[in-house]
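# Observations on the model geometry
The primary structure of each chain is shown beneath.
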Amino acid sequence: MPIELKMPALSPTMEEGTLAKWLVKEGDAVSSGDILAEIETDKATMEFEAIDEGTIAKILVPEGTDEVKVGTVIALIAEEGEDTSPSPLVGEGQPSEARQGEGSLQPAPPEMAQEPAAVPSPVAADAAPPSPVRGKGTSAPASDPDIPAGTEMVRTTLREALRDAMAEEMRADDRVFVMGEEVAEYQGAYKVTQGLLEEFGPRRVIDTPITEYGFAGVGTGAAMGGLKPIVEFMTFNFAMQAIDHIINSAGKTNYMSGGQMRCPIVFRGPNGAASRVAAQHSQNYGPWYASVPGLIVICPYSAADAKGLLKAAIRSEDPVVFLENELLYGQSFEVPALDDWVLPIGKARTVRSGNDVTIVSYSIGVGVALAAAEKLAEEGIEAEIIDLRTLRPLDTAAVLESLRRTNRVVVVEEGWPVCSIASEIVSVCMEQGFDDLDAPVTRVTNEDVPMPYAANLEKLALVDAAKVIKAVKAVCYR
Amino acid sequence: MARAATSKPAAPKPAPAKPPPRKSATPALARPAEPTRYKASKDQLLEFYRQMLLIRRFEEKAGQLYGLGLIGGFCHLYIGQEAVAVGLQSALDGDKDSVITGYRDHGHMLAYGLDPKTIMAELTGRAAGIARGKGGSMHMFSVEHRFYGGHGIVGAQVPLGTGLAFAHKYRKDGGVCLAYFGDGAANQGQVYEAFNMASLWKLPIIYVIENNHYAMGTSVHRSSAEDQLCRRGNSFRIPGLQIDGMDVLAVRGAAEVALEWVRGGKGPILLEFKTYRYRGHSMSDPAKYRSREEVQSVRDKSDPIEAVKRELEKAEVSEEAMKATDKEIKSIVAEAADFAEQSPEPDPAELYTDILVEGR
Ligand SMILES: Cc1ncc(C[n+]2csc(CCOP(=O)(O)OP(=O)(O)O)c2C)c(N)n1
Ligand SMILES: [Mg+2]
């Protein structure tokens, strides 16, 4: 039997890719380690190496083919002394079903295993409808006061929006610079700083060694000294090394100095669970930082919000913790084509209007809430969705105003339940909205466990639309 | 510009006092003997070959399973660095010594003789995995074998290993801790806090820097003001040695010297192994920071497995013996992969177990 070479998954979230180039041809002998092909993902071009020895018997997917699904058989390798005719099992360019049918203990097919964990399909795909603000589906569109009518909208990934925000602010203000691990030459571990080194040079786009505590302190000191640093953490899990400077040095300077000493710095990077990266790499720090007076904490969902709020964060005179989400980086949203799109810090956004229940969320949880709302609408429940966008200061007025109309609140949070943003919202509703409540405020969060690695356990640990739907029905007594 | 005069007129300068004869407060830094290449018997050589080949083939298979979506998240392969783990761990006393490392941990587990099946099953996130599917590639442990992980935060294992060494000394169990970390990790501040304590308290620890020349996309020269990492212990009076990490016999030779030093109660020692990772940092690294030629030239000129093969030939080990080993390894790895694919996922109830030892 020839060995089937399958389209590899080259990153935790890859589902398909482009077979850019074959570096071998039929009949070539290959051995372990030889580079067979170049494969393009949304993030990068990668080399695909041979594992087995043998001869390339047949190339099934020609180079230049787009959207080749992970797991598709792309070529056949014949082992020494084998017949090189293709296996009858496999048709040209078809994904191999052979493996999936074998036995009941089989794991999910590769496509499933690679699905980004917390993202329900409707909002996850790049092909998803534009931000529901501009009216889609059954409910009336909520007006976003921040976009002037008639503005041209450009589909932009979250990744690009963040980069554009930094680039625009760097063009406008020489005090702004970026530093962090792999931000310059590598173009960012998640490619968020792509192109910045080229435009602004090594004086302003600076690769650091792996020393979070050190460079967070250096950044904080530079801010005290009059600069406006953007410190990127490869992920916020690693900012725990540096949390002392974020809280004790940056967060308290203004207060302790009686307002004399400023610390205008932005700490940014991906936060929350990614996909299958287990306990030490899957945590939501929103509630941690949001508990600290002296910090501003921003945690956007859409690209437009990310851009407008990152620009505001860079301009702020206060230290800002800016929490992004890796699973959202590749998602596209409509971003207004304005020269200077800046949003107010501390203001929530109504993402979807409805009168039956208020769903409060932020970051990737908004996507989960949107997916749930669509399903709920089919059953006649119109949910209003509020994206907090800023976690500190919290826009409690927006939550309470919506509560006054819907009389029910469900909070959706991709993070732990205990001492969470959800807990905070519950408490605000109790203290200030008690008379408006027709049902207990309910939290839908991740399970109260460290993130497990196993695919099935990870799925169980995370918030999803089904859990939201259940909670909404419960508070609606349906 | 003239300096403003101070109020007092300058007094006539006294003749400069002769500096007192320099006397260092602490004695000169003692150093171990220069290590020599280990003289392995035929059987030992064949065993080194077997273990290194097992790591290589296991990692290749893991890469393949990742490509099929059976392994998820981050997966860091050890291909190219096999001689380091095998050379060092073959010298340990399995009954008392301990090992700790970072996320690039499959090789260290295998070099410890742990069952490839349970390691591969951990990679696929199955109940039969060594961490019951909860840890994955980066977080593997075997307390039974005193293998303390498997840590995802760069540098964290260095003070943790120092703590393991503290426990060895405290209990007087005669054990030594081997703490591995990378060239990139060598820049974390906590490494030096640990060095200082280990040296002050003469803790039995061997610090092992696996200098594979890159930390993700940053070459050691771009990240380190002192890129001769073996010198990094000097300010803490920890002697350092720089060794060819592609030569398993050189590695084992260094292990002998280091173990003698540490077991002799002289405190910590630092070993820097020059090695190389053939693959990207993790599966999703396009590796554009180095040329294909650079990688190929290391493979062609200094592959650690080819090097042992040459030693085996010199020792007149027959081609058949090597081929038999190749075959054996191939079947072990295939079996591990089948096991890892076939065994069931953890029971859903496992989500809530092991959070605390004593419940809530
Ligand atoms: C504190 C911390 N910062 C950043 C990371 C992300 N990260 C994981 S591995 C790595 C590179 C480490 O390189 P090195 O120490 O040389 O080890 P190697 O990967 O080469 O084995 C980085 C930056 C992390 N896991 N922990
Ligand atoms: Mg390295």
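Residues numbered from 1 in each chain as written. Chains lettered and ligands numbered in written order. Predicted model: local features only at pLDDT ≥ 70, side-chain atom pairs only at ≥ 80, totals over all residues. Heavy atoms only, no water.

## Here we look at the interface of chain A and chain B
Contacts between chain A and chain B engage 60 residues on the former and 57 residues on the latter. Taking both sides of the interface into account, the surface hidden between chain A and chain B amounts to around 4,900 Å²; carbon and sulfur atoms contribute 54%. At the boundary of chain A with chain B, the tally comes to seven salt bridges. The salt bridge involving Glu185 of chain A is made with Arg222 of chain B; its shortest N-O contact spans 3.4 Å. For the pair chain A and chain B, the number of links is 20 residue pairs in polar contact (both at pLDDT 80 or more). Residue assignment for the side of chain A that touches chain B shows that the elements contributing at least two residues are β4 (35-40), β5 (45-49), α2 (110-113) and α14 (455-461) of chain A. If you tally residues by element for the side of chain A that touches chain B, the top one is α14 of chain A, at five residues. (Contact = heavy atoms within 4.5 Å. Buried area = accessible area lost by both parts, 1.4 Å probe. Salt bridge = Lys/Arg side-chain N within 4 Å of Asp/Glu carboxyl O. Polar contact = N/O pair within 3.5 Å; in protein donor to acceptor, adjacent residues only side chain to side chain. Helix = DSSP H or I, 4+ residues; strand = E, 2+ residues; numbered from the N terminus.)

## Description of the side chain of Ser302 of chain A
Residue and element names in this part refer to chain A. Relative to the helices and strands, Ser302 is located in the loop between β14 (296-298) and α10 (303-315). For Ser302, a relative accessible area of 3% translates into the label buried. Looking at Ser302, its side chain comes within polar contact range of the main-chain nitrogen of Asp305, at 3.2 Å. Apart from residues no more than four positions distant in its own chain, Ser302 is found in contact with Leu158, Phe333 and Arg349. (Buried < 20%, exposed > 50% of the residue type's maximum accessible area, 1.4 Å probe, protein only.)

## Let's talk about the pairing of strand β18 (residues 357-361) of chain A
Residue and element names in this part refer to chain A. Burial analysis of β18 places five of its five residues in the buried class, which makes it a mostly covered element. Bridge analysis of β18 against strand β19 (residues 383-387) gives five bridges, and the strand direction is parallel. The residue bridging Val357 from the neighbouring strand is Ala383, located in β19. In this view, the connection linking β18 to its parallel neighbour β19 by way of helix α11 (residues 364-378) has right-handed handedness. As paired elements, β18 and strand β21 (residues 409-413) share four bridges and run parallel to each other. (Pairing = 2+ DSSP bridges. Right-handed = clockwise from strand over helix to strand, strands pointing away.)

## A look at the coordination of the magnesium ion (ligand 2)
Coordination angles at a metal have ideal targets, namely 109.5 degrees for four tetrahedral donors and 90 or 180 degrees for six octahedral donors. Residues and elements named next belong to chain B. The coordination sphere of the magnesium ion (ligand 2) contains the protein donors Asp183 (OD), Asn212 (OD1) and Tyr214 (O), at a distance range of 2.1 to 2.2 Å. Taken in sequence order, the residues that donate to the magnesium ion (ligand 2) follow the motif D-x28-N-x1-Y. Like Tyr214, Asn212 is buried. (Donors = N, O, S within 2.8 Å, 3.2 Å for Na, K, Ca; no water.)

## So, the sheet that holds strand β22 (residues 442-445) of chain A
Residues and elements named next belong to chain A. The strand order β17-β19-β18-β21-β22 describes an open sheet built from five strands, whose pairing is mixed. The open sheet has two edge strands with one neighbour each: β17 (349-352) and β22. Pairwise comparison of adjacent strand axes, ignoring direction, gives a mean angle of 25 degrees for this sheet. Along the sheet face, helix α15 (residues 465-475) touches β18, β21 and β22 and points at about 175 degrees away from the line of β22. (Axes fitted to C-alpha atoms, helices over the stretch in contact; angles between N-to-C directions.)

## Structural notes on α10 of chain A
The end-to-end C-alpha distance of α10 of chain A is 18 Å, a good match for the 18 Å that 13 residues give at a rise of 1.5 Å each. Among the residues of α10 of chain A, those classed as buried are Ala303, Ala304, Asp305, Ala306, Lys307, Gly308, Leu309, Leu310, Lys311, Ala312, Ala313 and Ile314 of chain A. (Expected span 1.5 Å × (residues − 1).)

## Quick look at the pattern of salt bridges
Residues and elements named next belong to chain A. Under the definition given, this model contains 52 salt bridges over all chains. When the shortest N-O distance is used, the salt bridge between Lys25 and Asp28 registers 3.2 Å. Looking at Asp28, the relative accessible area reads 21%, which means it is partly exposed. One salt bridge connects Glu199 with Arg171, and the closest N-O pair in it is separated by 2.6 Å. With Glu199 in helix α5 (residues 196-200) and Arg171 in helix α4 (residues 158-172), the pair connects residues that are 28 residues apart, well separated along the chain. For Arg171, a relative accessible area of 52% puts it in the exposed group. Each of Glu168, Glu169, Lys307, Lys311, Arg315 and Asp340 takes part in a single network of salt bridges with overlapping partners.

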